[in-house]
Amino acid sequence: MSYCVNCGVELDATAKKCALCDTPVYNPLRKEEKDVTTPFSQTPVIPTNIKQKFVALIVTYIFLIPNLVCIFLNFFINPENLWFIYVLSSSLLCWIVFVFPFFTKKLHPYLMWVFDTVAIALYVFVFHAKNLGGEKWYFGIALPTIAITSLCVVYFLYWIRQRKRHWTSKVLHIFIDLVIIFTVLCICLYFANHIITFDIFLVLDACCLALVFFWLYANKSKKVRSWLGKKMFV
Amino acid sequence: MSEKKMFQQPDWFRLDNAGILFPGQNTNKWSNIFRVSIELKEEIDPDILKQAVKNILPRFPSFNVRMRKGFFWYYLEKNPVKEPSVNPDIQNPCYRVKFKESDRFLFRVYYHGNHIAVDLFHAVSDGYGNTHFICTLVAEYLRLKGNHIPAGGFVKDINICAPAEELSDDFPKFAKSKASSPITDKHVYHAKGTKLPKHMVNITSGTMSFAAIHKLAKEKGVTVTEFFAAILMDIHCRKQLREKRKLKEVSVQIPINLRNIYPSETMRNFSICLRVKVDPKLGEYSFDELLQQVALQLRLERDEKKINAQISKHVRIEKNPFLRFLPLAVKNFALGIATLTSAEQTTSAYLTNLGPVVLPEETKPFIEKVVFIPGPGMRTAARCGISSFNDRLVFSFANCYKENDIEREFFTTLVKMGVHVKIESNRE
């Protein structure tokens, strides 16, 4: 019989290492036995489930049928107006949001969210850009709103996946959110032919970015963190 | 031997009050399934084992069933398959149940080396029922090997038919209280770690002397269950302090066998979970203080009137006309969401004690030990089962995380107290 030198427990005769602390078993007196049965079987059974990809493929075909029918009908009914694009864009949005994730083996929340954002932006462009004030409305209001919301969600996802959250990380989080909002606003306002002057947002963005670097450092450094804790307790 | 009578098993019956929850909660990721296994002193012969299962199954009408869907509820129907399959054991016991697999039986019989194991879906029965099933199976196996094994203790007489009492749902029978006990509780601390791949579980069993543990518990003036619960609580409290997370309550859930309180013969579910907890915000508890807390709380919670109020509340929920007429799909959807968001949120650790397994004297030369393994949890790292036979007590952990620091701390605590522990695990 072998004992773990680390834990003090007796180990099974077949054990090569301690099940509690992984310390290897070294017992020169132990005889090598070939037909010894381990206390537990070493063959796992991983049950087979319904293949997600197969179901997703069927749903994709179901999505395809009305779209193909609409494209075909568009040649005969009101051919000067490309109305099939509305059906196609709606289907594409639904497919990317609800079906596409099932084609991936492991769900990547960030990547999925990027796809979703692009799909939403395209959908809004196709469906509403022409009806609600044209491209200026789209690039000036719709796209910035979608981009800001999306980036905030991405950062929120990142933040929620972090295990340890010190109060300095919460402050850092606020400033990163602000940087995202101001940067996107600056870019969009610049491209939207200066509806509103973007200079003020550029200054705000630079200030927030500087603060982000400070809080990033504060978040990493134990010394700064304890100093801040000492000086700024409420 | 008395003449074998024809057994009249009902074609279908309702799930019991505790069992109605489990099919709705059953998902690909998590099933409420647990294992009782018996280690013999000689290698298992699968053909004889298969015959033994076939022989004893008519004696257990509550096991000889398959799960069916009604419009409003699930129900159990007599399984037309006569021979359940017997398979070589697997590394990941208690993996999820699918009602259409295993010839639609809700239990699975395994063998490996010297041991026989039965994994059972909790909707069918509890640990008490499963222990009766496996003990009767082992006794029949030994009989087919040419030994004389009488019925007695956990071994049922397979030559008589099961009395009606064994099939009854005893929750409504004893639920008399008009009081309503609150079900809601605070979310508590959970030890976190790296999740194992789907369907996998880490099992670590420690075999020790029952007399040594009993002596230690007696010295402290507590029972064996209270003693182990206090150790688990101590480990979780100290782990939480080390992790420097926001302090939350630490609670240990302990199911109790209601057959010890009410005169019941049922082979179906008849147990209820009690919870003991401490709040680390109040200060650091020493081990002796934790022992006192656990013992006092558990004894207060074991009050028959309080338990009856809890049972009555559950029975009232089941009998609520609005819930009864809600279609099964809606019930399942609601239950699925509730399980996903709140399952095990009020439990840091789970500890279930099967108690001493009493078997006829004639079986003792053939049996080494009895092991009770609860199924893996969704969030709880420490799901523990205790079983004892003769002087051998086996304490098993089913852990859904890769890290095994709780197991290590638990067994090394016992070693430091002077208890000899032998470890077995399914880890590679």
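Heads up: these notes are all about the structure in this document. Each chain has its residues counted from 1, running along the sequence as written. Lettering for chains starts from A, numbering for ligands starts from 1, and both go in the order in which the items are written. Under the rules for a predicted model, residues below a pLDDT of 70 receive no local features and side-chain atom pairs below 80 are neither given nor counted, while totals for whole chains, interfaces and linings still include all residues. To get the side-chain values, all heavy atoms of the structure are used, and hydrogens and water are removed first.

**Details of a nonpolar patch on the surface**
Item 1. A surface patch of nonpolar side chains, amounting to about 750 Å² of accessible area, comprises Ile65, Val69, Phe72, Leu73, Phe75, Phe76 and Ile77 of chain A.
Item 2. Judged by its relative accessible area of 60%, Phe75 of chain A is exposed. To count toward a patch, a residue needs a relative accessible area over 30% and no salt bridge; like charges are then connected within 9 Å, while nonpolar side chains (Val, Leu, Ile, Met, Phe, Trp, Tyr) are connected within 5 Å. For accessible areas, the Shrake-Rupley method is used with a probe of radius 1.4 Å. Any residue's cover is judged against the shown protein chains and nothing else. Salt bridges are identified by distance alone: a Lys or Arg side-chain nitrogen within 4 Å of an Asp or Glu carboxyl oxygen. Relative accessibility decides the category of a residue: with a 1.4 Å probe and only protein chains considered, values under 20% of the type maximum give buried, values over 50% give exposed, and everything between is partly exposed.

**Structural notes on the interface of chain A and chain B**
Item 1. At the interface, 27 residues of chain A touch 35 residues of chain B.
Item 2. In this assembly, chain A packs against chain B so that about 2700 Å² is buried in total across both faces, 56% of it on carbon and sulfur atoms.
Item 3. Linking chain A with chain B are 0 salt bridges, by the criterion used here.
Item 4. Pairs of N or O atoms are called polar contacts if they sit within 3.5 Å, as long as, within protein, a hydrogen donor faces a hydrogen acceptor (for residues adjacent in sequence, only side-chain-to-side-chain pairs). Linking chain A with chain B are 11 residue pairs in polar contact (both at pLDDT 80 or more), by the criterion used here.
Item 5. Just so you know the grouping, Ala, Val, Leu, Ile, Met, Phe, Trp, Tyr, Cys and Pro go in nonpolar, Asp, Glu, Lys and Arg go in charged, and all remaining residues, Gly too, go in polar. Residue classes in the side of chain A that touches chain B are distributed as 13 nonpolar, 9 polar and 5 charged.
Item 6. Relative to strand 15 (residues 422–425) of chain B, strand 2 (residues 10–11) of chain A runs parallel, the two being bridged by 2 bridges. Along strand 15 of chain B, the bridge assignment pairs Glu10 of chain A with Lys422 of chain B. Here, two residues are considered to be in contact whenever any of their heavy atoms come within 4.5 Å of each other. As a working definition, buried area equals the accessible area (1.4 Å probe) given up by two parts on being put together, with both sides summed. Two strands pair under a simple rule: DSSP has to find at least two bridges between them. We count a stretch as a helix when DSSP gives it H or I for four or more residues in a row; a strand needs E for two or more, and each element gets its number in order from the N terminus.

**Observations concerning the environment of Pro327 of chain B**
All names here are of chain B.
Item 1. As for its position among the elements, Pro327 is in the loop between helix 9 (321–324) and helix 10 (328–342).
Item 2. When the C-alpha atoms of Pro327 and Ala349 are compared, they prove to be 34 Å apart, with 22 residues separating the residues in sequence.
Item 3. Apart from residues lying up to four places away in sequence, Pro327 is in contact with Phe71 and Phe72.

**A word on the sheet that holds strand 3 (residues 65–69) of chain B**
All names here are of chain B.
Item 1. If you walk across this open sheet you meet the 3 strands as 1-4-3, and the pairing is antiparallel. Strands at the two margins of the open sheet, each flanked by one partner only, are strand 1 (12–14) and strand 3. Pairwise comparison of adjacent strand axes, ignoring direction, gives a mean angle of 35° for this sheet.
Item 2. Direction of pairing for strand 1 relative to strand 4 (residues 74–78): antiparallel, over a ladder of 3 bridges. Following the sheet pairing, Phe13 is matched in strand 4 by Leu76. Axis definition: a line fit to C-alpha positions, over the contact stretch in the case of helices; interaxial angles, taken between N-to-C directions, run 0 to 180 degrees.

**A word on the side chain of Gln240 of chain B**
All names here are of chain B.
Item 1. Mapped onto the fold, Gln240 is located in helix 6 (residues 224–243).
Item 2. Taking relative accessible area as the criterion, Gln240 reaches 1% and is therefore assigned buried.
Item 3. The residues touching Gln240, leaving out its near neighbours within four places in the chain, are Tyr189, Arg245, Lys246, Leu247, Lys248, Val250 and Pro280.

**Description of the packing of helix 6 of chain B against helix 11 (residues 405–416) of chain B**
All names here are of chain B.
Item 1. Orientation of helix 6 relative to helix 11, taken along the N-to-C sense of each, is 125°, at an axis distance of 10 Å. If you check the angle between helix 6 and helix 11, you find them oblique. Crossing of helix 6 against helix 11: the hand is right-handed. Packed against helix 6, whose contacting residues are Phe227, Phe228, Ile231, Leu232, Ile235, His236, Arg238, Lys239 and Arg242, the element helix 11 presents Asp405, Ile406, Glu409, Phe410, Thr413 and Leu414 at the interface.
Item 2. Taken together, the residues of the contact of helix 6 with helix 11 break down into 8 nonpolar, 2 polar and 5 charged. Here roughly perpendicular refers to angles of 65 to 115 degrees, roughly parallel to angles under 35, roughly antiparallel to angles over 145, and oblique to all remaining angles. Two helices crossing with the near one rotated counterclockwise from the far one by less than a right angle form a left-handed crossing, whereas a clockwise rotation gives a right-handed crossing.

**Some points on the nonpolar core**
Residues and elements named next belong to chain B.
Item 1. By size, the foremost hydrophobic cluster in this structure holds 67 residues, and its most contacted members are Phe227, Phe228, Leu351, Phe395, Phe410, Phe411 and Leu414.
Item 2. With 10 residues, the top contributor of residues to this core is helix 6.
Item 3. Setting aside residues no more than four positions away along its own chain, Phe227 makes contact with Ile213, Leu216, Ala217, Val222, Phe287, Leu291, Leu414 and Met417.
Item 4. Ile20, Phe22, Tyr111 and Leu167 belong to the second-largest nonpolar core, a separate cluster that totals 59 residues. Grouping buried Ala, Val, Leu, Ile, Met, Phe, Trp, Tyr and Cys residues that are joined through side-chain atoms within 4.5 Å yields what is termed a nonpolar core.

**Concerning the sheet that holds strand 7 (residues 115–121) of chain B**
Residue and element names in this part refer to chain B.
Item 1. Overall, mixed pairing links the 5 strands, which are arranged 5-6-7-2-12 in an open sheet. Two strands in the sheet have a free side with no partner beyond their single neighbour: strand 5 (86–88) and strand 12 (367–373). This sheet shows a mean twist of 20° between the axes of neighbouring strands, independent of strand direction.
Item 2. Where strand 6 (residues 107–112) meets strand 7, 6 bridges bridge the pair, whose relative direction is antiparallel. Bridge pairing in strand 7 places Tyr111 opposite Ile116.
Item 3. Against the sheet, helix 2 (residues 46–56) contacts strand 5, strand 6 and strand 7, and its axis sits at roughly 155° relative to strand 6.
Item 4. Across the face of the sheet, helix 3 (residues 127–144) comes into contact with strand 2 (33–40), strand 6, strand 7 and strand 12 while running at roughly 30° to strand 2.

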